[in-house]
Each structure stands twice: as structure tokens, then as C-alpha cells.
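Descriptive structure summary
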Amino acid sequence: MAKSNSYARAHIPLLVTIALGMFLDGLDGTIVNVALPDISESFGMDSSLSSWIVTVYFLVLAGLVLIFGKLCDSGAIKKIIIAGFLVFSLASLACGLSEDIVVLLAARAVQGVGASMLAASSVMLSVKFLPLHMTSFGLGVGLLGSSIGAAIGPALGGVLAETLSWHWVFFINVPVGIVAAVIAHRAIPADTGFDRSAFDYKGSVLLFLSLVTGLYALESFPSHGVTTATVVSLVLFVVLFSVFVLYERRISIPVLNLKVFRSGRFVAVSVSFLIMNACYMGCLYLLPYYMRVELGFDTIMCGLFLLVAAVMTLIFCLKVGKMADMRGNRPFVIAGCFLMVVAMALFSLMNASMPTWVLIVGLALLGTMWGVAGGPVGSRLINNVPSDQRGSGSALHSFFIYFGSALGTALFAGLFGFGSASAGQPIADLDPAVFMEGFGFAMAFGVAIAALALILSWAVNERRSAA
């Protein structure tokens, strides 16, 4: 027993590296949202521009996570994760020092590069360097790190923004990232046998440019209408994505294996998963503005309210795994999507005259949705990939999380701008009645797409393995 404990202790630095990588990923996914009203007011931004503070981060993350996953798997995992910690830390410092919105957006994009390195490499450390009997434990440590980061993010962001300034929601990452880089350097074995030949560089560039142009068109069209920039971005998206599909079908090792989308079951599960991420992040983007503009909350109070969703996710995600293994994933995904529909419906009906417990219930339902269905829907996605394509399914799981987050932020920002007819106007200057028109319109659309996710989840019967 003593020998076994000593053997486990030898892997503690590696487990700490995994936890810190996922902690930073989870933390930055939630800590910035609560400070968005302060950042928007500081730069005098409208909803369209402020949404890109979140969107550009998740967009870069989604566009690069498949690429860095391939690089890690090809033998460069130590270089990738150490570079990830350092890039993330330096970009966070640049974000905090930004005095111009263009500089901030550029720094957020670089921060997304670092985050994509961490997201791709942290989980893979468990598979590559831990003994087989510790793999599940390592994955659990990563999930715990991400959950803790996401849970404390709103409250910590609120306190930092209110007591110091919004700049500190970025500065807080710097010491954590530097310490983590030092630990990773000592804990991870040296890279060996890196294979450059199998990497799909052209497909990676085409995919990333397709995502950028497509999301810009999606965000700008509802709020700004048919403009030259919108039309150009839409045309570029169609051309780039078409070229990407044609190119990926011709090469032997594509960055995104399109064969998995031949299965209707997989498409249905993927779309529902994408919608869940989009609705969740769309709500996290607009709710801090609702609490500031309509309810008059300060940043600390906003963070404490958003903490409700994160805590509910943390509570339920720790309990659902074993139950889903015994009863199947489908009922949990259906239940989660139903909770999402109810939460979105509550948000669409909210106004200043409603008691605050309605907001608390909506946030609790939103967090419970992710706690109940987050693990099962991810497992369901993997289970509906053909057995010879499981690697692609694992990569797509991460891709859908981050792309869904970028999609939801851009989509809800565009819908808000359309519903409030406030394009170009700083959110802080909007009349509460005008604000609520946009907020209600975006949330009502959320009800519709959440219902679609519920229908798709119901339509696909349980299957534990794919032929």
C-alpha cells in the first residue's frame, strides 16, 4: 500500500499541471462576462462590439483547438502546454494593460491562442503520461479544475472589477500561468519523435477563416442589416467553407474528418450539443447587462448571482456520471434540454417588476441543465461516432464546446441589437425599456432553438456504441 501511495504521489506534479491548465480555461470562460458592462462603459461600446470581447476569444479557441490537438498527438505536447501557459499569461497582461478596444480585442485573440493550447494538451496529458489505472482519475482532476475555475469566475470577477478595476480580471491569470509553466516544465517528460508530415496546415487555415467570416456575418446581419461588410463576409464564408469541404475530402489525414457527419444520428446529437453551448453562453453574455441596466446591480452583485448557475453545474455534474452509466445518457440529455427551454422562457418574460427570485430560479435551471446533461451529451456524441472515427469524435467534442460558445455570444448580441434597434449605441446609455425589447427578443429566440435541441435529443434513441 505504501509503495502504491508513493507511486501515486510521484504523479502529483503532472496532475497539478492538468488541473491548472483546465482551471485557467474554466476561469476565463466566466470571469470576463461579469466585467463586460464595466469594459463596455469604459470604451463606450455597443452590444455588437462588446460581444467580440468574448466571441474573439472563443472563436480563436475553437478554430485552433483541433490544430493544437493534432500537434500534441504528433509528439509536441510538452512544448504546446508550456507555450500555452506563457502565451495565455502574457496575453492576459496585455488585456489588462489595454487602453484601446482594438488592442484589447487583439490581446483577447492571442489569449485564445494560449487557451486553445491548454485545452488541447491538458486532457491529453492524462492519456499519454499517466498509468492506465490512473487515466480516469486524471480526467476527473481536469474536469474538477475546469469546474472550480468556472464556478469561482463570476464572483471573483465581480469583486475584482468592483473593488479594483476590470483590468484585474485579466491580471489575475498572470501569476497562475507563470507558476503553472514552471511546474509543467518539471513534471512533463521531454517531447520525442515529433511528426510534422501528417499535419493538415491548409485545412486548418481554411477552417479558421471560415469560422471568422461566418460568425461575423451572423453577428452583424441582425444588428446592422445588409451592409457591405456583412455581404463580403458572408460571400467569403461560403467560398472558404466550400473550398475547405472539397479539400478535406481529398486528403488522407484531415484536420476535421467530415465522414462522421454522414450519420443522421451524429448530426442530431451534435446540433443539440451546439445549441446547448450557444444558449448557455448567450445568456451569460446578456444577463450581466440585464442586472446592471434593468436591476441596477453593482458588479459584485452580478457576480454573486451568476455564481448560482456555476454552483448548480458543479453540484450536479459530480453526481450524474454514474447514474448516466447505469440508465443511459438519453434521459439526462432530454431533461437538461427541457430545463434549458424553461430557463430561456423565464428569461424572455423577465422585467424589473419581477421579484429577484425569478432570476435566481432561471440561473439555477440554466446551471442544473449543464450539470445534468453536460457529461451525458458529450458521451452521447462520442457514442454516435463510428468506431473507427472515435478520435475525430473526441476532437469534435472540444470544438463544439468552444465554437458553440462563440456562436451563442455573437448570435445573442446580434439578436439583441436587432430587437432593441440599438446598433451603434453604447449599452450603458440605453433606456431600460429599449434594453428589455432587445433582451426579450434574444431570449425568445433562445426558447425556439432550445426547443429544437429538445426535439433532436428526444428523436435519437439510446445507443452505447456505434457500428
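Structure shown above.
Residues numbered from 1 in each chain as written. Predicted model: local features only at pLDDT ≥ 70, side-chain atom pairs only at ≥ 80, totals over all residues. Heavy atoms only, no water.

1. Quick notes on the overall build of the chain
A tally of regular secondary structure across the chain gives 15 helices and zero strands. Relative to its 467 residues, the chain shows a buried fraction of 57%. A separation of at least 24 residues holds for 84% of the contacts in the chain among residues at least 6 apart in sequence. A total accessible area of about 18800 Å² is found for the chain, and carbon and sulfur atoms account for 69% of it. (Helix = DSSP H or I, 4+ residues; strand = E, 2+ residues; numbered from the N terminus. Buried < 20%, exposed > 50% of the residue type's maximum accessible area, 1.4 Å probe, protein only. Contact = heavy atoms within 4.5 Å. Areas by Shrake-Rupley, 256 points an atom, 1.4 Å probe, with all protein chains shown as cover.)

2. Observations concerning the pattern of salt bridges
When the charged atoms of two side chains lie near each other, side chains of opposite charge can form a pair. Under the counting rule described, the total for this entry stands at two salt bridges. Linking R292 and D38 is a salt bridge whose minimum nitrogen-to-oxygen distance equals 3.4 Å. Here D38 lies in helix α2 (residues 12-43) and R292 lies in helix α10 (residues 264-294), a separation of 254 residues in the sequence. By relative accessible area, R292 is classed as partly exposed at 22%. (Salt bridge = Lys/Arg side-chain N within 4 Å of Asp/Glu carboxyl O.)

3. Topic: the packing of α10 against helix α15 (residues 432-459)
Axis separation between α10 and α15 bottoms out at 9 Å; the angle between their running directions is 160°. In terms of axis orientation, α10 runs roughly antiparallel to α15. Handedness of the α10/α15 crossing: left-handed. Looking at the contact of α10 with α15, its residues break down into 21 nonpolar, three polar and one charged. (Axes fitted to C-alpha atoms, helices over the stretch in contact; angles between N-to-C directions. Parallel < 35°, antiparallel > 145°, perpendicular 65-115°, else oblique. Left-handed = near helix turned anticlockwise from the far one by under 90°. Nonpolar A, V, L, I, M, F, W, Y, C, P; charged D, E, K, R; others polar.)

4. Overview of the environment of L359
Here L359 shows up in helix α13 (residues 356-383). Owing to a relative accessible area of 2%, L359 belongs among the buried residues under this scheme. Once the C-alpha coordinates of L359 and L306 are considered, the two residues, 53 residues apart in sequence, prove to be 9.8 Å apart. When sequence neighbours within four positions are dropped, the list of residues in contact with L359 reads L287, M291, L295, F297, F305, F347 and M350.

5. Comments concerning the side chain of S121
Along the chain, S121 falls in helix α4 (residues 101-129). Those residues within four positions of S121 in sequence are excluded, and the remaining contacts are C72, I77, I80 and I81.

6. A closer look at helix α12 (residues 330-349)
Residue pairs spaced three or four apart in an α-helix point in one direction, given the helix's 3.6 residues per turn. In this model α12 runs 29 Å from its N-terminal to its C-terminal C-alpha over 20 residues, within 8% of the 28 Å that 1.5 Å per residue would give. Of all the positions in α12, only R330, F332, V333, I334, G336, C337, L339, M340, V341, A343, M344 and F347 are classed as buried. (Expected span 1.5 Å × (residues − 1).)

7. Concerning the environment of S204
Tracing the backbone through its elements, the reader meets S204 in helix α8 (residues 201-224). Taking the relative accessible area as the measure of exposure, S204 reaches 4% and is therefore buried. Separated by 52 residues in the primary sequence, S204 and L256 place their C-alpha atoms 8.4 Å from one another.

8. Regarding empty space enclosed by the protein
For the coordinates displayed, the defined rule picks out one cavity of 30 Å³ or more. Of the pockets and cavities examined, the largest cavity occupies roughly 30 Å³. Lining the largest cavity we find Y290, L295, M350, N351, M354, P355, T356 and L359. A class-by-class count of the residues in the lining of the largest cavity yields six nonpolar, two polar and no charged. (1 Å grid on protein atoms, 1.4 Å probe; cavity = no way out; pocket = protein on both sides within 12 Å on 5 of 7 lines; lining within 4 Å. Points joined across faces, edges and corners; volume = space filled by probe spheres on them.)

9. Describing the layout of surface pockets
In this structure, the second largest pocket spans a volume of roughly 530 Å³. Along the walls of the second largest pocket sit 24 residues, with F241, L274, F399, F400 and F403 positioned nearest its centre. Within the residue set of the lining of the second largest pocket, elements represented by two or more residues are α8, α9 (228-248), α10 and α14 (390-420). For the lining of the second largest pocket, the class distribution of residues is 21 nonpolar, three polar and no charged.

10. With respect to the nonpolar core
Core analysis: the largest hydrophobic core is formed by 137 residues, its most contacted members being L287 and M340. The dominant element in this core, judged by the number of residues it contributes, is helix α3 (residues 47-97), at 25 residues. Among all residues touching L287, those that are not within four sequence positions of it are L306, F347, M350, L359, L363 and F439. (Core = buried A, V, L, I, M, F, W, Y, C linked by side-chain atoms within 4.5 Å.)

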